[in-house]
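Spelled out from the first residue to the last, the chains are:
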Amino acid sequence: MGVYVGKDKQRLEMFQTVEKELKYARFIHTMGVAFTATSLAERYGADMRKAETAGLLHDCAKYVPVERMERLCEKGGIEITSFERGNPALLHSKAGVVLARTQYGVNDPEILDAICCHTTGRPGMTLLDKILFIADYIEPGRDQATDLDKVRALAFEDIDRCLMKILEDSLNYLATTGREIDPMTQKTYDYYKARQDNR
Ligand SMILES: [Fe+2]
Ligand SMILES: [Fe+2]
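Procedures and definitions
- Residues numbered from 1 in each chain as written.
- Chains lettered and ligands numbered in written order.
- Predicted model: local features only at pLDDT ≥ 70, side-chain atom pairs only at ≥ 80, totals over all residues.
- Heavy atoms only, no water.
- Donors = N, O, S within 2.8 Å, 3.2 Å for Na, K, Ca; no water.
- Tetrahedral: all angles 85-135°; square planar, octahedral: opposite > 155°, others 65-115°.
- Phe/Tyr/Trp six-rings, centres within 6.5 Å; stacked < 30°, edge-to-face > 60°.
- Helix = DSSP H or I, 4+ residues; strand = E, 2+ residues; numbered from the N terminus.
- Buried < 20%, exposed > 50% of the residue type's maximum accessible area, 1.4 Å probe, protein only.
- Lys NZ or Arg CZ within 6 Å of the ring centre and 35° of its normal.
- Core = buried A, V, L, I, M, F, W, Y, C linked by side-chain atoms within 4.5 Å.
- Contact = heavy atoms within 4.5 Å.
- Polar contact = N/O pair within 3.5 Å; in protein donor to acceptor, adjacent residues only side chain to side chain.
- Salt bridge = Lys/Arg side-chain N within 4 Å of Asp/Glu carboxyl O.

## Describing the coordination of the iron ion (ligand 2)
For a metal with four tetrahedral donors the ideal donor-metal-donor angle is 109.5 degrees, while six octahedral donors give ideal angles of 90 or 180 degrees.
And then number 1: Coordination of the iron ion (ligand 2) by the protein involves His29 (NE2), His58 (NE2), Asp59 (OD) and Asp136 (OD), with metal-donor separations of 2.2 to 2.3 Å.
And then number 2: Each of the 4 donor atoms bound to the iron ion (ligand 2) contributes to angles spanning 81 to 171 degrees, and the resulting shape is irregular.
And then number 3: The motif formed by the donor residues of the iron ion (ligand 2), counted along the single chain, is H-x28-H-D-x76-D.
And then number 4: Distance-wise, the iron ion (ligand 1) is placed 3.5 Å from the iron ion (ligand 2), both being coordinated by aspartate 59.

## So, the packing of aromatic side chains
And then number 1: All chains considered together, the criterion is met by 2 aromatic pairs.
And then number 2: Plain terms: the ring middles of tyrosine 24 and phenylalanine 27 are 5.8 Å apart, the flat faces sit at 45 degrees to each other, and that makes the pair tilted. Residue tyrosine 24 and its partner phenylalanine 27 are both found in helix α2 (residues 24-44); the two are separated by 3 residues, about one turn of the helix.
And then number 3: Residue class for tyrosine 24 comes out exposed when judged on its relative accessible area of 53%.
And then number 4: Measuring from ring centre to ring centre gives 4.9 Å for tyrosine 191 and tyrosine 192, while their planes differ by 85 degrees; the resulting arrangement is edge-to-face.
And then number 5: Relative accessible area serves as the criterion here: at 10%, tyrosine 192 is assigned to the buried category.
And then number 6: The aromatic ring of tyrosine 44 is capped on one face by arginine 43, whose charged end is 4.3 Å from the ring centroid.

## Let's talk about the nonpolar core
And then number 1: Within the largest apolar cluster, 59 residues are counted, with the highest numbers of intra-cluster contacts made by Leu57, Val106, Ile131 and Ile134.
And then number 2: Broken down by element, the residue count for this core peaks at 8 residues, all from helix α8 (residues 127-138).
And then number 3: Apart from the residues lying within four places of it in its own chain, the contact partners of valine 106 are Met14, Thr53, Leu57, Ala100, Arg101, Ile111 and Leu112.

## Here we look at helix α6 (residues 92-102)
And then number 1: Buried residues dominate α6, accounting for 9 of its 11 residues.
And then number 2: Burial in α6 covers these residues: His92, Ser93, Lys94, Ala95, Gly96, Val97, Val98, Leu99 and Ala100.
And then number 3: Tucked into the core, α6 has its buried residues touching α3 (48-57), α4 (66-75), α5 (82-86) and α7 (109-116).

## Notes on the side chain of glutamate 84
And then number 1: Tracing the backbone through its elements, the reader meets glutamate 84 in helix α5.
And then number 2: Side-chain polar atoms of glutamate 84 contact the backbone nitrogen of threonine 81, separated by 2.9 Å.
And then number 3: Setting aside chain neighbours within four positions, we find glutamate 84 in contact with Glu79, Leu90, Leu91 and Lys94.

## Regarding the pattern of salt bridges
When the charged atoms of two side chains with opposite charge come close together, those side chains can pair.
And then number 1: Counting across every chain of the model gives 14 salt bridges.
And then number 2: Between aspartate 8 and arginine 49 there is a salt bridge; the shortest N-O distance is 2.9 Å. Taken together, the residues aspartate 8 in the segment before α1 (9-21) and arginine 49 in helix α3 connect sequence positions 41 residues apart.
And then number 3: Between lysine 165 and aspartate 147 there is a salt bridge, with its nearest N and O atoms 2.8 Å apart. Placement of the pair is lysine 165 in helix α10 (residues 159-177) and aspartate 147 in the loop between α8 and α9 (148-157), with a sequence separation of 18 residues.

Purely geometric numbers; function is a separate question.
Structure follows, in C-alpha cells:
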C-alpha cells in the first residue's frame, strides 16, 4: 500500500482531541495501538491510514459515563446486548463507533467496524478488524498477558494464527478468573477454530 504523508490538519486534530479526552496512561496505550496497527497494516498490505485512525479512536469512549454510552448507542442505532448491559465496560467499543462518527467525523465503515469489534472480535473479521484487535493486545505498553513474546512475533508472521492464539489465551484467562465470558468472544473463537480444523 505504501507510505502515506500524514501531516494534514484532520489527522493532527484527531491526535490532539484524543489526548484531551483520555487519561494520560490511556493516551499512551492509544498511541501504542495506533503505531502497532500501522506497522501491521504495512506488513499485511492494509491501508495504513485507516489502521492508524482505528487505533487512535478505538478507546475514545473509554471515559464516557455508562448512561451516556447507552444513549450514544441508542441514538446511533447500535443495539446493546444483554451481556453488555450487565458489563457496561464492554460498551466503550460500540459507543466509540458513535463518537468516532459524531465527534471525529469518521464515517468509513471499515474503520467503524474495526472499532466496534475490538474487544470481542467477531466471526468473519476483516483484515483491519484483525489488525486492530491484535494491536490492542500487543502494543508496546502491554505486559500482562501470557506468551506475549510469542504473540508479538506471530503477529508479524501469521495474522490468523496470532488471532487464534489471542482468542484462546483470552478465553483461558477469563476462565481462570471465573469472570463471565462475552458470548461474542466465544462465538468468534468457535468460528475460527472450525475454519482452522477444516484447513
Ligand atoms: Fe478497548
Ligand atoms: Fe485499547
